[in-house]
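Working through the structure, step by step
Here are the chains, one letter per residue:
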Amino acid sequence: MKLVRPEVDRWRTLPPSKWNVTPETERLLRWWRDTSVREFPFFFCQLEAVETIIWLTEVAPKSYREELIAANDTANPGLFRIAAKMATGSGKTTVMALLIAWQAINAARRPTSSRFTNGFLLIAPGITIRDRLRVLQPEESGNYFEDPKRRIVPPEMLGDLRKARVVVTNYHAFQPRETMPVKPEARKLLTDRGEEPKKFLETEGQMIHRVAGKLMGLKRIIVLNDEAHHCYREKPGDSEEGTLGSEEKDEAKKNNEAARVWISGVEAVSRKLGVQAVYDLSATPFFLRGSGYPEGTLFPWVVSDFTLMDAIECGIVKTPRLPVLDDAVSGDMPKYRALYANLPKNALPKKGRRKTANELDPEELPELLRGALEALYRHYETTFEEWKAAGIDRPPVFIVVANNTATSKLIYDFISGYERTEAVGEETKSRLIEGKLKLFSNVTENARWRDRPRTVLLDSEALEAGDSLPDDFRKAATKEIEEFRAEVARRDGAAAAEKLTDAQILREVMNTVGQPGKLGGDIRCVVSVSMLTEGWDANTVSHVLGVRAFGTQLLCEQVVGRGLRRVSYTPNKDGFLLPEYADVLGVPFDFTQSPSPAKITPPPRMTRVRALPERAACEIRFPNISGYRVAYPPGPLVANFTDDSKLTVTPDDIPTTTDVEPIVGEGIEITLDNYEAQRMKSVYYAVAGYTLRRYIREDSKPKAFTPGEELDQSPASEIPLHRFGELLRITERWFDECLTCYGQNREAMKRLFLWRPLAQKAAERIARACAPSSAEEFVRAIPNPYNEEGSTRFVDFATSKTDLFKTSPDLCQIEYVVADQDWEKAFAEAIERELSDVCRAYVKNHNLGFEVPYEYRGETHRYRPDYILSLEDGNGADNPLNLVVEVKGRRSEQDAAKADTMATRWVPGVNALGRFGRWVFVELDNPYTFAGGIRSFLAANQKKKAA
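Residues numbered from 1 in each chain as written. Predicted model: local features only at pLDDT ≥ 70, side-chain atom pairs only at ≥ 80, totals over all residues. Heavy atoms only, no water.

Let's shift gears to the overall build of the protein chain. A tally of regular secondary structure across the protein chain gives 30 helices and 32 strands. The proportion of buried residues among the 947 residues of the protein chain is 55%. Long-range contacts, defined as pairs at least 24 residues apart, comprise 77% of the intrachain contacts of the protein chain with a sequence gap of at least 6. Carbon and sulfur atoms make up 49% of the accessible area of the protein chain, which totals about 43,000 Å². (Helix = DSSP H or I, 4+ residues; strand = E, 2+ residues; numbered from the N terminus. Buried < 20%, exposed > 50% of the residue type's maximum accessible area, 1.4 Å probe, protein only. Contact = heavy atoms within 4.5 Å. Areas by Shrake-Rupley, 256 points an atom, 1.4 Å probe, with all protein chains shown as cover.)

Looking now at the sheet that holds strand β4 (residues 221-226). The strand order across the open sheet formed by six strands is β3-β2-β4-β5-β1-β6, and the pairing between neighbours is parallel. Sheet topology places β3 (165-170) and β6 (302-306) at the edges, where each strand pairs with a single neighbour. The mean inter-strand angle of the sheet, taken between neighbouring strand axes irrespective of direction, is 15°. Bridging between strand β2 (residues 119-124) and β4 involves four bridges; their strand directions are parallel. Bridging across to β4, L122 finds its partner in L224. Contacts from helix α5 (residues 92-109) reach β1 (81-86), β2, β3, β4 and β5 (275-282), with the element oriented near 160° to β5. (Pairing = 2+ DSSP bridges. Axes fitted to C-alpha atoms, helices over the stretch in contact; angles between N-to-C directions.)

Judged by nonpolar contacts, the single largest core of 112 residues is most densely connected at W32 and L224. Broken down by element, this core gets its largest block of residues, 11 residues, from α5. Apart from residues no more than four positions distant in its own chain, L224 is found in contact with M96, L99, I100, F120, L121, L122, I123, Y279 and L281. Membership of the second largest hydrophobic core comes to 69 residues, among which are I696, L728, L739 and W755. (Core = buried A, V, L, I, M, F, W, Y, C linked by side-chain atoms within 4.5 Å.)

This brings us to the packing of aromatic side chains. All told, the structure shown has 30 aromatic pairs when counted by the stated rule. Ring centres of Y685 and F724 lie 5.6 Å apart, and the angle between their planes is 50°; this geometry places the pair in the tilted category. In this pair, Y685 sits in helix α23 (residues 680-699) while F724 sits in helix α24 (residues 724-737), placing the two residues 39 residues apart along the sequence. Here the aromatic rings of F735 and F753 are separated by 5.4 Å at their centres, their planes lie at 75°, and the arrangement is edge-to-face. Here the residue F735 occupies a position in helix α24, and F753 occupies one in the loop between α25 (746-751) and α26 (756-769), the gap between them amounting to 18 residues. Assigned by exposure class, F735 and F753 land together as buried. Three or more aromatic residues joined by ring pairs make a cluster, and in this case those are Y232, F287, Y293, F299 and W301. Over the ring of F550 we find R548, and its NZ or CZ is 5.9 Å from the ring centre. Above the face of the Y569 ring, R566 is positioned so that its terminal group lies 6.0 Å from the ring centre. (Phe/Tyr/Trp six-rings, centres within 6.5 Å; stacked < 30°, edge-to-face > 60°. Lys NZ or Arg CZ within 6 Å of the ring centre and 35° of its normal.)

Attention now moves to the sheet that holds strand β31 (residues 881-887). If you walk across this open sheet you meet the four strands as β27-β30-β31-β32, and the pairing is mixed. Of all strands in the sheet, those bounded by a partner on one side alone are β27 (839-844) and β32 (918-924). Each strand axis lies, on average, 20° off the axis of its neighbour in the sheet, ignoring direction. Here five bridges tie β27 to strand β30 (residues 867-871), and the two strands are oriented antiparallel to one another. Within β30, the position partnered with A841 by the bridge is S870.

If you want to describe how two helices pack, look at the angle between their axes and the distance between the axes. Viewed as axis vectors pointing N to C, helix α14 (residues 367-389) and helix α15 (residues 405-416) meet at an angle of 50°, and their least axial separation amounts to 12 Å. In this view, α14 runs oblique relative to α15, as classed from their interaxial angle. Regarding α14 and α15, the two cross each other, and that crossing is right-handed. Between α14, through L369, R370, L373 and E374, and α15, the contact on the second element is made entirely by I411, F414 and I415. By residue class, the composition of the contact of α14 with α15 is five nonpolar, no polar and two charged. (Parallel < 35°, antiparallel > 145°, perpendicular 65-115°, else oblique. Left-handed = near helix turned anticlockwise from the far one by under 90°. Nonpolar A, V, L, I, M, F, W, Y, C, P; charged D, E, K, R; others polar.)

A few words on helix α18 (residues 478-492). Between its first and last C-alpha atoms α18 spans 20 Å; for 15 residues at 1.5 Å apiece the expected length is 21 Å, and the two agree. The first or second residue beyond α18 is G493, which carries a positive phi of 105°. (Expected span 1.5 Å × (residues − 1).)

Take α5 next. Compared with the 26 Å implied by 1.5 Å per residue over 18 residues, the 26 Å span of α5 between its first and last C-alpha is a close match. With respect to burial, α5 is a largely interior element, 16 of its 18 residues being buried.

Counting buried positions along β3 yields five of six residues, so the element is predominantly enclosed. Bridge analysis of β2 against β3 gives six bridges, and the strand direction is parallel. The residue bridging F120 from the neighbouring strand is V166, located in β3.

Following the sequence through the fold, S645 ends up in the loop between β17 (625-630) and β18 (647-649). Using a relative accessible area of 4% as the deciding quantity, one classes S645 as buried. Look past the residues within four positions of S645 in its chain and what remains in contact with it is N640, W734, C738, R765 and A769.

Right, let's get into the environment of A104. Counting through the fold element by element, A104 comes out in helix α5. A104 sits in the buried class, given a relative accessible area of 1%. Along the backbone, A104 and F116 are 12 residues apart, and their C-alpha atoms lie at a distance of 7.1 Å. Leave out the neighbours within four places in its chain, and A104 touches T117, N118, F120, D160, L161 and A164.

Below, the discussion takes up the packing of helix α2 (residues 23-33) against α5. Packing of α2 against α5 brings their axes to within 9 Å, and their N-to-C directions diverge by 150°. The angle between α2 and α5 falls in the class roughly antiparallel. Helix-helix and strand crossings are classified by hand; for α2 and α5 the assignment is right-handed. Residues E24, T25, L28 and W32 of α2 lie in contact with α5, whose contacting residues are L98, A101, W102, I105, N106 and R109. Split into classes, the residues belonging to the contact of α2 with α5 amount to six nonpolar, two polar and two charged.

Turning next to the pattern of salt bridges. Working definition: two side chains of opposite charge can pair if their charged atoms are close together. Summed over all chains, the structure comprises 54 salt bridges. When the shortest N-O distance is used, the salt bridge between E834 and R833 registers 3.2 Å. The exposure class assigned to R833 is exposed, which follows from its relative accessible area of 57%. Through salt bridges with shared partners, a single ionic network connects D9, R12, R33 and E51. (Salt bridge = Lys/Arg side-chain N within 4 Å of Asp/Glu carboxyl O.)

Its identity is not glycine, yet N20 carries a phi of approximately 65°, on the positive side. Along the polypeptide, N20 turns up in the loop between α1 (5-12) and α2. The phi torsion at R151 lies on the positive side, around 50°, for a residue other than glycine. Checked against the element boundaries, R151 lands in the loop between α6 (127-132) and α7 (158-161).

Written as structure tokens, this is what we have:
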């Protein structure tokens, strides 16, 4: 597209007599530029967007229109689209009002002109924005056109404007509805007989009449797309996006379905009513993932560009403050800047809430996420008190954008409180747990639901079920609900008001956040998944936390934009807007980055890796273990602390101080030093109690196992409370001897062990240190009852990896070793080169199915050791020693948990069963002494056995 802005700038400086526009347009342009007729003048960006479209319609040479038509031909054949890029919070709704006024007034006074119309179809991406855009319907009370503060049109033109027909809808309305109720069984029967399924659906004409009946009979209309980046046709031909991952494919599929419905609806309107032009308004008019274009590609029909940086520099939106520095020493950016990327893998649920509701515990939030929540909340407390002291009659709003509905419900329960069901003997009892962030808790200190919620959940499940509101809310908010019901009755009829659902009430709560006297006036916190697609925002948002992946800067800008709408537009005595800030954690936003095309890579070459039948003599069999049974011996617990019992906590794990800075303006520091007030005795009690409940209760038995004893699989029925005093003393020892904290505030970091994830780490180490010393007497492994044993003979898979080692037919049943790192390949080479005299067979544990269950951070994980070796150690060919080998470089705390489980649970437990042979475990960390290390281990093992 040719550069339009310089042309419009030159045209704007001309005297009105040379504007070459209609008298009506000239009157409007003069009116809009007159700063004396309204309290707050229009922003320059608003006027520029409108003036650019007016110039292209009434003034521009034909070549500009032809270039726009060409730009539309690929993605929107048959439609004439013009897009204005406007940053969130810069006033897109006002721009729509100005465009409607310009078109409608010209159409009323020039009914024969083909350039103007008084029919408008406004399309929104969701119900939330649709409801907000009702202010653009002239017949609505409180509409923009009659607002004395805005004064969109001169008084003498208001009558002409009222002739405009404005329909507001959301794109979902374009989906054809059923014309008759048909049961699924009947529909399937008719379809199987060859009946056309579409016969049960509306025709295109019926759909248009339902959506835009008020516009029927007009010769042409104008479509205005709000958040127009959801409306496009997929790129024909080959995609330029390259290969997408599974989550990216799911997102691309949703984007395409939405875009297809939206653009198909506009095309249907064009066929039935005639679309003169489509005006797109969006902060991010880019092609989305799945469009076939590189994600972030600007729509080629964009003619006006007002970026977020422009809006921030002008001060018409809040200035976002993002983390720029913390007291962690690792990583290229602060931990809270890219929060989701710094969380441990699988730390948050990946599925929807309905599938995992019974598996989630709000106490189990990863410590880095909890640290971000509490640090940002602590600054929110300060902001809350400042607003209160200033007499502001509404609270600041804290929003959380989560990755899925399971995570959003988990965070929502942590913040607002929840109901917990616990078993007490043979009965179950429920109790309310107060939210961890006090100002957001929906549960009182007396364990009762608040009449009016302080925190709400906005996701697909919550909107469908309306379950985010406490039961007493209807009673407490009777006045506001009845006012809302009256509004629905006036707008949609008495029948719609009578059928008002909880989900509609919840939407109204969301729509009125930050509006005193409305249903959402008291809301302080919003937890959401669908906030972006719903288009929700409020001008009272002060704090934003992102808990999701951010693949592009486009998505970062969308999330940050939720909090940038200003509270006040009142200038100071110098005529400038006072600065307002939104503090943002968890969003890796880069103000200077531009989108880059994805690289296209060819599919990889695949290699088949399998067990060869002719190598059956090298078969290795192994037990499939599903768990362990431990009997603690009678007498007091004894803790033997080792190096694996030690734990170091640094700001790399949980930053205690983070500097949050804007591009320009005042920065802040968020900290966790409020935990200094906690007593260490409370921490000891919490960790000891958790260790007792989690580890000692399940495994306690009064005596050791005897050979051949049938294992009792059921857990102990009671907590051995007599052990608590012992555990408390052991816990204090652990804190003194094994815990090391670094950073600016070490005392506060020690007290963070009140958090469940950190208490888990301490408890695991304490429980391992208290494990029975005679492991084979007190530990039994529990085999999988359906599949007790695995074997190398079942291996058969294809791999795209290229680092393969071809094995010897005399030593390995599987044709190749698939190496994940150089050391693993070097180990296979060392076995075949230096250990062939003692090694009967070996196998790399890749797609073998050999897994070891172990506990880490309170959850059961599966550990896959690197190798299994069958060794001759002097006990005969029929009784080889099975050596499980881990080839390890740097050792993490999770690796320590794996090694401890092998040494104190898996190996003694399997050997005690007596039917899977003899097993040992070793870790090797020097690639130059692999063979020597195994020989030394064998010699030591034989010496130990002889002793």
